[in-house]
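Given next are the chains, with one letter for each unit.
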There are 2 protein chains.
Amino acid sequence: MGISKTEIFTEDQNTIAAFAKAFAHPARVAILQHLFKIDSCICGELVNEIGLAQPTISQHLRELKQLGLIKGSVEGTSVCYCIDAKNWEKMKKTMAQFLDQDIVSKENCC
Amino acid sequence: MGISKTEIFTEDQNTIAAFAKAFAHPARVAILQHLFKIDSCICGELVNEIGLAQPTISQHLRELKQLGLIKGSVEGTSVCYCIDAKNWEKMKKTMAQFLDQDIVSKENCC
DNA sequence: TATATTAATCGTAATATTGCAATAAAACAA
DNA sequence: TTGTTTTATTGCAATATTACGATTAATATA
């Protein structure tokens, strides 16, 4: 139905899915990569850097901000965004726990 | 427009987004976790384990299979799925490269 | 062969996501 | 104050995703 049945999954599973969703669009990947690359924070520069309209970028930024992966601070008329290092580390731990799982038995049916 | 402008992004960015999309739903996270946990491969057991209808699980399995993260082999009337260890490692490398980025300068505007 | 079992596919409804034009809001400058 | 710049919000169209009932396909068994 286009709606995920979040209630039947564990909190852990929903958290992983929520973080993964943040990276599930190339524009958000590009935004994050740019924020990592540029030593000073960015603003509407992202609109030029990435080839999407300003409202679209703004929308992606809001999603990343709501998840806590980036922070924004107003600088005059522009807004400066950067990675929230603390939360990024927390996210990394959660994702690593999921991604670094080991297969119990190597010899299966497949 | 509900359609990602994949053509304006790098192959790397699209690849990361595609992998992330695989984990962007708790059902697929649950499926993968179960495949990791159970030493022998699973089939329709996943339908019982996870509380979703058989066609829904089948759909999620197909997505994971298309991405190459899991393999499936027919065992009589049932189908046995398991993690594709090789591709999982490749995916992990791609994701790690993205997740393990370091911020150039710690002191920014934010 | 007929029947059961299991999984894939089809079709469809409900909801979510992506993208942007238009507009509003906020901060500064003249 | 008036205009300028920058970003957020609103509203909407196009497309994607999620979920499942019904059906089909494939295999095994009686």
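To be clear, the structure that these remarks concern was listed above.
Residues numbered from 1 in each chain as written. Chains lettered and ligands numbered in written order. Predicted model: local features only at pLDDT ≥ 70, side-chain atom pairs only at ≥ 80, totals over all residues. Heavy atoms only, no water.

Draft legend 1. Layout of the nonpolar core. Membership of the largest hydrophobic core comes to 62 residues, with the highest contact counts inside it found for Phe-23 and Trp-88 of chain A together with Phe-23 and Trp-88 of chain B. Setting aside residues up to four positions removed in sequence, Trp-88 of chain A forms contacts with Phe-23, Leu-32, Phe-36, Leu-69 and Ile-83 of chain A together with Phe-98 and Leu-99 of chain B. (Core = buried A, V, L, I, M, F, W, Y, C linked by side-chain atoms within 4.5 Å. Buried < 20%, exposed > 50% of the residue type's maximum accessible area, 1.4 Å probe, protein only. Contact = heavy atoms within 4.5 Å.)

Draft legend 2. Structural detail: the interface of chain A and chain B. At the junction of the two partners, chain A supplies 50 residues and chain B supplies 50 residues. Carbon and sulfur atoms supply 71% of the area that chain A and chain B bury against each other, a total of about 4300 Å² over both sides. By the criterion of area lost to chain B, the three top residues of chain A are Phe-36, Leu-99 and Cys-110 of chain A, representing 15% of everything that side buries. Taken together, the connections running from chain A to chain B amount to two salt bridges. (Buried area = accessible area lost by both parts, 1.4 Å probe. Salt bridge = Lys/Arg side-chain N within 4 Å of Asp/Glu carboxyl O.)

Draft legend 3. How the structure looks around the relation of the copies chain A and chain B. Screw-axis analysis of chain A against chain B gives a translation of 0.0 Å along the axis, an RMSD of 0.0 Å, and a rotation angle of 180°. In symmetry terms, the pair is related by a two-fold rotation axis. For chain A, the smallest separation between a C-alpha atom and the rotation axis is recorded for Ala-20 of chain A, amounting to 2.5 Å. A shared interface surface links the copies, since 100% of the contact residues of chain A are contact residues in chain B too. (Least-squares fit on C-alpha atoms with pLDDT ≥ 70 in both.)

Draft legend 4. View of the packing of helix α5 (residues 85-99) of chain A against helix α5 (residues 85-99) of chain B. Contact geometry of α5 of chain A with α5 of chain B gives a least axis separation of 12 Å together with a crossing angle of 175°. Accordingly, the angle class assigned to the pair α5 of chain A and α5 of chain B is roughly antiparallel. The residues of α5 of chain B that touch α5 of chain A, namely those facing Trp-88, Met-91, Lys-92, Met-95, Phe-98 and Leu-99 of chain A, are Trp-88, Met-91, Lys-92, Met-95, Phe-98 and Leu-99 of chain B. (Axes fitted to C-alpha atoms, helices over the stretch in contact; angles between N-to-C directions. Helix = DSSP H or I, 4+ residues; strand = E, 2+ residues; numbered from the N terminus. Parallel < 35°, antiparallel > 145°, perpendicular 65-115°, else oblique.)

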